[in-house]
Amino acid sequence: KQWYQRRVAITAGDDLDDSIWNFHVWNEAWFKRHDLPPGYDGWQAVDATPQEASESIMRCGPCPVLAIKQGDVYLPYDTGFMFSEVNGDRVWWKVEKDGNMAVE
């Protein structure tokens, strides 16, 4: 069987260079936001243990919890990254000989 992860063929049983997290914790705080469109005040997510730099600074957030829930990944700060933290499921695709693909 061949499996595809990030468009790279791997064989079942190969060591993967990526990690799988079964949980991650962030904090939430109530903010009045004048820097965002109307409706994004309220609960904001802040990650106290950022995993990578955001605009060359080790930070993550604050980003509106509502934006994370609705998939409004274009909003600052790090909404796209935090959306991917809660929606980053690993999916294995099986590619048939005829080219058809199915989630395994």
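Heads up: these notes are all about the structure in this document.

Reading guide: rules and limits
- For every chain, the first residue of the written sequence is number 1, and numbering continues from 1 along that sequence.
- Predicted model: local features are reported for residues with pLDDT of at least 70 only, side-chain atom pairs are reported and counted for 80 or more only, and whole-chain, interface and lining totals are derived from all residues.
- Only heavy atoms go into the side-chain values, all of them from the structure, while hydrogens and water stay out.
- Paired strands, as defined in this entry, are two strands with at least two bridges between them according to DSSP.
- Numbering of helices and strands runs from the N terminus; a helix is a DSSP stretch of H or I covering at least four residues, while a strand is a stretch of E covering at least two.
- Residues count as neighbours in contact if any of their non-hydrogen atoms are within 4.5 Å of one another.
- Residues adjacent in sequence count toward polar contacts only when both atoms are side-chain atoms; beyond that, a polar contact is any pair of N or O atoms within 3.5 Å, and within protein one must be able to donate a hydrogen and the other to accept it.

1. Here we look at the sheet that holds strand β3 (residues 27-31)
- Taking strand neighbours across the sheet as the criterion, the three strands line up as β3-β4-β5 in an open arrangement whose pairing is antiparallel. This sheet does not close on itself; its edge strands, each paired only once, are β3 and β5 (63-64).
- Where strand β4 (residues 42-46) meets β5, two bridges bridge the pair, whose relative direction is antiparallel. Counterpart to Gln44 in the pairing with β5 is Pro64.

2. Side note on the environment of Thr79
- Relative to the helices and strands, Thr79 is located in helix α2 (residues 79-86).
- Counting along the chain gives 11 residues from Thr79 to Ile68, while the straight-line C-alpha distance between them is 6.2 Å.
- The residues contacting Thr79, other than those within four sequence positions of it, are Cys63, Pro64, Ala67, Ile68, Asp72 and Val73.
- Reaching out from Thr79, the side chain makes a polar contact with the backbone oxygen of Leu75 at a distance of 2.9 Å.

3. Focus: the pairing of β4
- Pairing geometry for β3 and β4, over five bridges, is antiparallel. The residue bridging Asn27 from the neighbouring strand is Val46, located in β4.

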